[in-house]
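Chain residues, written in single-letter form:
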Amino acid sequence: MANSPSSKKRARQTERRTAVNRARRSRIRTFIRKVEEAISTGDFSAAAEALKVAQPEIMRGVSKGVTHRNTASRKISRLAGRVKALQA
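Values in this document were obtained by computation on a predicted structure and should not be read as measured data.

K.L.:
When you look at the overall build of the protein in this model, what are you seeing that I'm missing?
P.N.:
When its secondary structure is counted, the protein shows three helices and zero strands. Secondary structure elements of the protein, listed N to C terminal, follow the sequence α-α-α. Relative to the 2.2 N^0.38 estimate, which gives 12 Å for 88 residues, the radius of gyration of the protein is 17 Å and therefore markedly larger than a compact globule would have. Each of the three principal axes of the protein carries a C-alpha extent, and together these read 60 × 20 × 15 Å. Burial analysis of the protein (88 residues in total) assigns 24% to the buried set. Nonlocal contacts in the protein, meaning residues at least 24 apart in sequence, comprise 57% of its contacts between residues at least 6 apart.

This is the structure:
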(Lines give C-alpha, C1' and ligand atoms only; values in the text may rest on other atoms or scores of the structure.)
Protein backbone atom coordinates (compact mmCIF):
# COMPACT_ATOMS: atom_id res chain seq x y z
CA MET A 1 0.00 0.00 0.00
CA ALA A 2 1.24 3.51 -0.85
CA ASN A 3 2.40 5.47 2.18
CA SER A 4 4.33 8.55 1.08
CA PRO A 5 2.51 11.41 -0.68
CA SER A 6 4.47 10.81 -3.89
CA SER A 7 3.67 7.10 -3.96
CA LYS A 8 -0.02 7.88 -3.31
CA LYS A 9 0.04 10.27 -6.27
CA ARG A 10 1.73 7.66 -8.47
CA ALA A 11 -0.96 5.15 -7.50
CA ARG A 12 -3.68 7.63 -8.52
CA GLN A 13 -1.93 8.38 -11.82
CA THR A 14 -1.48 4.68 -12.56
CA GLU A 15 -5.17 4.09 -11.91
CA ARG A 16 -6.14 6.82 -14.39
CA ARG A 17 -3.67 5.68 -17.07
CA THR A 18 -4.82 2.07 -16.67
CA ALA A 19 -8.42 3.11 -17.30
CA VAL A 20 -7.43 5.10 -20.41
CA ASN A 21 -5.26 2.28 -21.78
CA ARG A 22 -7.99 -0.29 -21.12
CA ALA A 23 -10.45 1.85 -23.11
CA ARG A 24 -7.97 2.23 -25.97
CA ARG A 25 -7.25 -1.50 -26.08
CA SER A 26 -10.96 -2.27 -26.04
CA ARG A 27 -11.57 0.20 -28.88
CA ILE A 28 -8.82 -1.43 -30.97
CA ARG A 29 -10.29 -4.89 -30.34
CA THR A 30 -13.71 -3.62 -31.44
CA PHE A 31 -12.32 -2.38 -34.75
CA ILE A 32 -10.50 -5.68 -35.30
CA ARG A 33 -13.69 -7.60 -34.52
CA LYS A 34 -15.61 -5.54 -37.09
CA VAL A 35 -13.06 -6.51 -39.75
CA GLU A 36 -13.26 -10.18 -38.76
CA GLU A 37 -17.07 -10.12 -38.86
CA ALA A 38 -16.98 -8.59 -42.34
CA ILE A 39 -14.51 -11.28 -43.42
CA SER A 40 -16.75 -14.02 -42.05
CA THR A 41 -19.71 -12.74 -44.07
CA GLY A 42 -17.55 -13.00 -47.18
CA ASP A 43 -18.24 -9.42 -48.28
CA PHE A 44 -14.99 -8.08 -49.74
CA SER A 45 -16.02 -4.43 -49.97
CA ALA A 46 -17.29 -4.32 -46.38
CA ALA A 47 -14.17 -6.09 -45.12
CA ALA A 48 -11.88 -3.76 -47.07
CA GLU A 49 -13.71 -0.71 -45.72
CA ALA A 50 -13.58 -2.04 -42.15
CA LEU A 51 -9.84 -2.68 -42.52
CA LYS A 52 -9.32 0.81 -43.89
CA VAL A 53 -10.96 2.24 -40.76
CA ALA A 54 -9.26 -0.19 -38.35
CA GLN A 55 -5.72 0.28 -39.63
CA PRO A 56 -5.13 3.84 -38.31
CA GLU A 57 -6.85 2.92 -35.05
CA ILE A 58 -4.47 -0.01 -34.52
CA MET A 59 -1.45 2.17 -35.29
CA ARG A 60 -2.76 4.86 -32.95
CA GLY A 61 -2.50 2.27 -30.20
CA VAL A 62 1.19 1.97 -31.05
CA SER A 63 1.80 5.72 -30.85
CA LYS A 64 -0.03 5.85 -27.51
CA GLY A 65 2.06 2.97 -26.15
CA VAL A 66 -0.79 0.49 -25.74
CA THR A 67 0.58 -2.10 -28.17
CA HIS A 68 3.99 -2.90 -29.61
CA ARG A 69 4.75 -1.76 -33.16
CA ASN A 70 5.48 -5.27 -34.42
CA THR A 71 2.31 -6.67 -32.84
CA ALA A 72 0.19 -4.04 -34.56
CA SER A 73 1.95 -4.58 -37.90
CA ARG A 74 1.42 -8.32 -37.62
CA LYS A 75 -2.29 -7.90 -36.89
CA ILE A 76 -2.76 -5.50 -39.80
CA SER A 77 -0.80 -7.77 -42.13
CA ARG A 78 -2.82 -10.86 -41.24
CA LEU A 79 -6.13 -9.03 -41.52
CA ALA A 80 -5.08 -7.55 -44.89
CA GLY A 81 -4.13 -11.00 -46.13
CA ARG A 82 -7.50 -12.43 -45.12
CA VAL A 83 -9.35 -9.53 -46.75
CA LYS A 84 -7.32 -9.91 -49.95
CA ALA A 85 -8.16 -13.63 -50.05
CA LEU A 86 -11.86 -12.68 -50.28
CA GLN A 87 -11.23 -10.74 -53.46
CA ALA A 88 -10.16 -13.80 -55.45
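K.L.:
Whenever I open this one, the pattern of salt bridges confuses me. Can you help?
P.N.:
All chains considered together, the criterion is met by four salt bridges. The salt bridge partner of Arg60 is Glu57, with a shortest N-O separation of 2.7 Å. Pair noted here: Arg60 and Glu57 are both in helix α2 (residues 44-63), with a separation of three residues, about one helical turn. Taking relative accessible area as the criterion, Glu57 reaches 9% and is therefore assigned buried.

K.L.:
Is there a simple way to think about the nonpolar core in this case?
P.N.:
When a protein is soluble and globular, its nonpolar side chains tend to lie buried together. Counting 16 residues, the largest nonpolar core has Val35, Ile39, Ile58, Leu79 and Val83 as the members making the most contacts within it. Sorting the residues of this core by element identifies α1 (5-41), α2 and α3 (69-87) as the ones contributing at least two each.

K.L.:
What am I meant to see in the packing of aromatic side chains here?
P.N.:
How two aromatic rings sit relative to each other is set out by the distance from centre to centre and by the angle between their planes. Here the structure, examined in full by the defined rule, presents zero aromatic pairs. In this arrangement the basic side chain of Lys34 is found over the ring face of Phe31, its NZ or CZ atom lying 5.5 Å from the centre.

K.L.:
Quick question: what am I supposed to make of α2 here?
P.N.:
The α-helix winds at 3.6 residues per turn, so residues separated by three or four positions along the chain end up facing the same way. If you check α2, its first and last C-alpha atoms are 29 Å apart, about what 20 residues at 1.5 Å a residue would give, namely 28 Å. At Ala54, α2 shows its largest kink, close to 25 degrees, and the proline Pro56 lies no more than four residues downstream. Among the residues of α2, Ala47, Ala50, Leu51, Ala54, Glu57, Ile58, Gly61 and Val62 are the ones counted as buried. Here the buried face of α2 lies against α1 and α3. The positive-phi residue at the C-terminal boundary of α2 is Gly65, with phi of around 85 degrees.

K.L.:
Sorry if this is basic, but what is going on with a positive patch on the surface here?
P.N.:
Where like charges cluster on the molecular surface, the positive patch consists of Lys8, Lys9, Arg10, Arg12, Arg16, Arg17 and Lys64. Within the fold, Lys64 resides in the loop between α2 and α3. Residue Lys64 is classed as partly exposed on the basis of its relative accessible area, which comes to 45%.

So, how was this worked out
- Residues numbered from 1 in each chain as written.
- Predicted model: local features only at pLDDT ≥ 70, side-chain atom pairs only at ≥ 80, totals over all residues.
- Heavy atoms only, no water.
- Helix = DSSP H or I, 4+ residues; strand = E, 2+ residues; numbered from the N terminus.
- Rg over C-alpha atoms; globule rule 2.2 N^0.38 Å.
- Buried < 20%, exposed > 50% of the residue type's maximum accessible area, 1.4 Å probe, protein only.
- Contact = heavy atoms within 4.5 Å.
- Salt bridge = Lys/Arg side-chain N within 4 Å of Asp/Glu carboxyl O.
- Core = buried A, V, L, I, M, F, W, Y, C linked by side-chain atoms within 4.5 Å.
- Phe/Tyr/Trp six-rings, centres within 6.5 Å; stacked < 30°, edge-to-face > 60°.
- Lys NZ or Arg CZ within 6 Å of the ring centre and 35° of its normal.
- Expected span 1.5 Å × (residues − 1).
- Bend = angle between axes of the 7 residues up to and from the residue.
- Patch = residues over 30% accessible without salt bridge, like charges linked within 9 Å, V, L, I, M, F, W, Y side chains within 5 Å.
- Areas by Shrake-Rupley, 256 points an atom, 1.4 Å probe, with all protein chains shown as cover.
- Lys, Arg positive; Asp, Glu negative; His and termini not counted.
- Charge placed at Lys NZ, Arg CZ, Asp CG, Glu CD.

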